[in-house]
Amino acid sequence: MIHYHGMAGAGKISDHVELASGRHVFVSFAKPSVLPLVAATCSTFALDNGAFSAWKSNKSYSWEKFFDFAEEWGSHPACDFVVTPDVIDGGEKENDDLIERWISRGPSVEFAPVWHLHESLGRLERLAEHSRICLGSSGQYQTPGSSKWWGRMEEAMSAICESGRPKTKLHGLRMLDPRIFSKLPLHSADSTNAERNGLLEQRFGMYPAPSRGQRAAIIAARVESQQSAGSWQESLQETFELL
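Numbers given for residues are sequential positions, taken from 1 along each chain in its written order. At least 70 in pLDDT is required for a residue's local features to be given in this predicted model, at least 80 for side-chain atom pairs to be given and counted, and no such filter applies to totals for whole chains, interfaces and linings, which use all residues. To get the side-chain values, take all heavy atoms of the structure and skip hydrogens and water.

Colleague: Where do I start with the nonpolar core in this structure?
Modeller: Side chains that are nonpolar tend, in soluble globular proteins, to be buried together. Among the nonpolar cores identified, the biggest contains 33 residues, and V25, V38, F45, L47, F66, V82 and W102 are the most heavily contacted of them. Only runs of H or I of at least four residues qualify as helices and only runs of E of at least two qualify as strands under DSSP, and these elements are numbered from the N terminus. Secondary-structure elements contributing two or more residues to this core are α1 (13-20), β2 (24-28), α2 (35-41), β3 (44-48), α4 (63-74), β4 (79-83), α5 (92-105) and α10 (212-224). For this core, the element with the most residues is α4, which contributes 6 residues. With 27 residues, the next largest nonpolar core counts L127, A128, L135 and Y141 among its residues. Put simply, buried Ala, Val, Leu, Ile, Met, Phe, Trp, Tyr and Cys residues joined by side-chain atoms within 4.5 Å make one nonpolar core. Relative accessibility under 20% of the residue-type maximum defines a buried residue, over 50% an exposed one, and the middle range a partly exposed one, all with a 1.4 Å probe and only protein chains included.

Dropping the structure here:
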């Protein structure tokens with residue numbers, strides 16, 4: 001799988017370089033200032049639409065500005081894909097309309113629509129017609145790794161997998177946790193865990209790496225040492241209920 005490390009712009013420029021260098025990076029429209037540096041140092045990057053950040057902070061959002069941003073950076077040779085616009089707590093029609101709006105704009109970049117876990121399985125199956133889709137934790141399933149979340153994920157995997165293999169590429173939003181992705185057949189996942197926890201020197205014992213960026217790189221390397229499941233196994237659900 002591809003491990004995308006979220007970059008929210010925390011720390012010094014040197015910290016950004018330490019973490020991004022040679023890696024796959026996830027950059028949000030909510031924090032675009034790091035993108036020029038990241039694009040010059042990373043292996044590849046993906047663009048998040050920033051809707052989750054806007055939703056959490058209750059801020060206004062401009063889809064038109066995001067469209068322009070995505071069109072400019074989505075054509076960069078290091079860009080893997082762009083997460084299409086979505087409304088976290090919106091209705092299915094509202095989110096379907098945003099996908100159509102994106103397509104009608106016609107940007108010639110790879111894109112991935114979002115299926116929110118609180119939405120219907122029918123919508124998930126429809127979105128599987130795209131070459132890649134993102135799975136977003138939302139509603140009563142907004143906490144990845146909870147028993148309720150795993151129950152919903154079992155339903156989703158049963159709907160979208162054939163013989164345990166997904167019908168399309170799956171990207172797990174906020175799922176770059178080995179306890180999660182090692183049990184799911186994901187093509188990729190993202191998290192800002194490495195950048196955020198690089199700040200916590202006390203987690204590195206008596207001899208921590210001197211810079212935040214170096215500590216973040218250590219966390220990233222540990223995460224990258226593990227891979228996603230090769231297929232979905234429904235029997236694992238019994239284990240999840242005990243967590």
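Colleague: What am I meant to see in the sheet that holds strand β5 (residues 111-112) here?
Modeller: Backbone hydrogen bonds are what pair the strands of a sheet, in a parallel or an antiparallel way. Between any two strands, pairing holds if DSSP finds at least two bridges. An order of β5-β4-β3-β2-β1-β11-β10-β7-β6 is seen for the 9 strands of this open sheet, with the pairing classed as parallel. Both outer strands of the open sheet, β5 and β6 (114-116), are each paired with one neighbouring strand and no more. Here 2 bridges tie strand β10 (residues 169-172) to strand β11 (residues 188-191), and the two strands are oriented parallel to one another. Considered in β11, the bridge of G172 is made with A189.

Colleague: How should the pattern of salt bridges be read in this particular structure?
Modeller: Pairs can form between side chains of opposite charge whenever their charged atoms are close. Salt bridges are counted wherever a side-chain nitrogen of Lys or Arg sits within 4 Å of a carboxyl oxygen of Asp or Glu. Within this structure, the stated rule accounts for 9 salt bridges. Here E155 ties to R152 by a salt bridge, and the two come within 2.8 Å at their closest N and O atoms. With E155 and R152 both in helix α7 (residues 147-160) and 3 residues apart, the pair spans about one turn of that helix.

Colleague: Looking at this model, I keep getting lost on the packing of α1 against α10. Mind explaining?
Modeller: Two numbers describe a pair of packed helices, the interaxial angle and the distance between the axes. In the contact formed by α1 and α10, the axes pass within 7 Å of each other and the chain directions differ by 20°. One way to sum up the angle between α1 and α10 is to call them roughly parallel. For the pair α1 and α10, the crossing hand works out as right-handed. Two secondary-structure elements touch here, α1 through D15, E18 and L19 and α10 through R212, G213, Q214, A216, A217 and A220. Every axis in this analysis is a line fitted to C-alpha atoms, fitted for helices over the stretch in contact. Angles between the N-to-C directions lie between 0 and 180 degrees. Each angle gets one of four labels, with under 35 degrees taken as roughly parallel, over 145 as roughly antiparallel, 65 to 115 as roughly perpendicular, and the rest as oblique. Handedness of a crossing is defined here by the sense of rotation of the near helix relative to the far one, left-handed for an anticlockwise turn of less than a right angle and right-handed for a clockwise turn. Any two residues whose heavy atoms approach within 4.5 Å at even a single point are treated as in contact.

Colleague: Help me understand the environment of F66 in this model?
Modeller: In this fold, F66 is placed in helix α4. According to the relative accessible area criterion, F66 is buried, its value standing at 0%.

Colleague: Is there a simple way to explain unusual backbone geometry in this structure?
Modeller: With the exception of glycine, the majority of residues adopt a negative phi angle, and the majority of peptide bonds are in the trans configuration. In the Ramachandran plot, S163 falls in the positive-phi region, its phi being about 55° despite a non-glycine side chain. Along the chain, the position of S163 falls in the loop between β8 (161-162) and β9 (165-166). Exposure remark for S163: the relative accessible area of 79% places this residue in the exposed category. Although it is not a glycine, R174 sits at a positive phi angle of roughly 60°. Judged by its relative accessible area of 33%, R174 falls in the partly exposed class.

Colleague: I would appreciate a short explanation of the pairing of β3 in the present structure.
Modeller: Regular strands have side chains that alternate between both faces of the sheet. Summarising burial for β3: 5 of the 5 residues are buried, a large majority. With burial as the criterion, each face of β3 is covered, one bearing T44, A46 and D48 and the other bearing F45 and L47. By the criterion used throughout, a crossover qualifies as right-handed when its path from the first strand across the helix to the second strand runs clockwise, the strands pointing away from the viewer. For the segment spanning β2, α2 and β3, crossover handedness is right-handed.

Colleague: When you look at the state of the cysteines in this model, what are you seeing that I'm missing?
Modeller: One covalent bond between the sulfur atoms of two cysteine residues makes up a disulfide. Any pair of cysteine sulfurs within 2.5 Å is marked as a disulfide. The full count for this structure, using the stated rule, is 0 disulfides. Counting only cysteine sulfurs, C79 is the nearest neighbor of C42, a cysteine outside any disulfide, at a range of 9.4 Å. Under the relative-accessibility criterion, C42 is labelled buried at 11%.

Colleague: Looking at this model, I keep getting lost on the side chain of S138. Mind explaining?
Modeller: For S138, the position within the fold is in the loop between β7 (132-136) and α7. Residue S138 is classed as buried on the basis of its relative accessible area, which comes to 1%. For the purposes of these results, a polar contact is taken to be a pair of N or O atoms within 3.5 Å, where, inside protein, one atom must be able to donate a hydrogen and its partner to accept one; residues adjacent in sequence count only when each atom of the pair is a side-chain atom. Of the polar contacts made by the side chain of S138, one reaches the backbone nitrogen of L117; its length is 3.4 Å. Of note is the side chain of S138, whose polar atom sits 2.6 Å from the side chain of H118.

Colleague: Got a minute to help me understand the packing of aromatic side chains in this structure?
Modeller: Any aromatic ring pair is given by two values, namely how distant the centres are and how the planes are angled relative to each other. Stacked, edge-to-face and tilted labels apply to pairs of Phe, Tyr and Trp rings (six-membered ring for Trp) whose centres lie within 6.5 Å, assigned for plane angles under 30 degrees, over 60, and everything in between, in that order. Within this structure, the stated rule accounts for 11 aromatic pairs. Seen in terms of ring centroids, F66 and W102 are 6.3 Å apart; in terms of plane orientation they differ by 35°. Their pairing is tilted. With F66 in helix α4 and W102 in helix α5, this pair connects stretches of sequence that are 36 residues apart. Each member of the pair F66 and W102 is classed as buried. Ring pairing ties together the aromatic residues F29, W63, F66, F67, F69, W102 and F111, which thus form one cluster.

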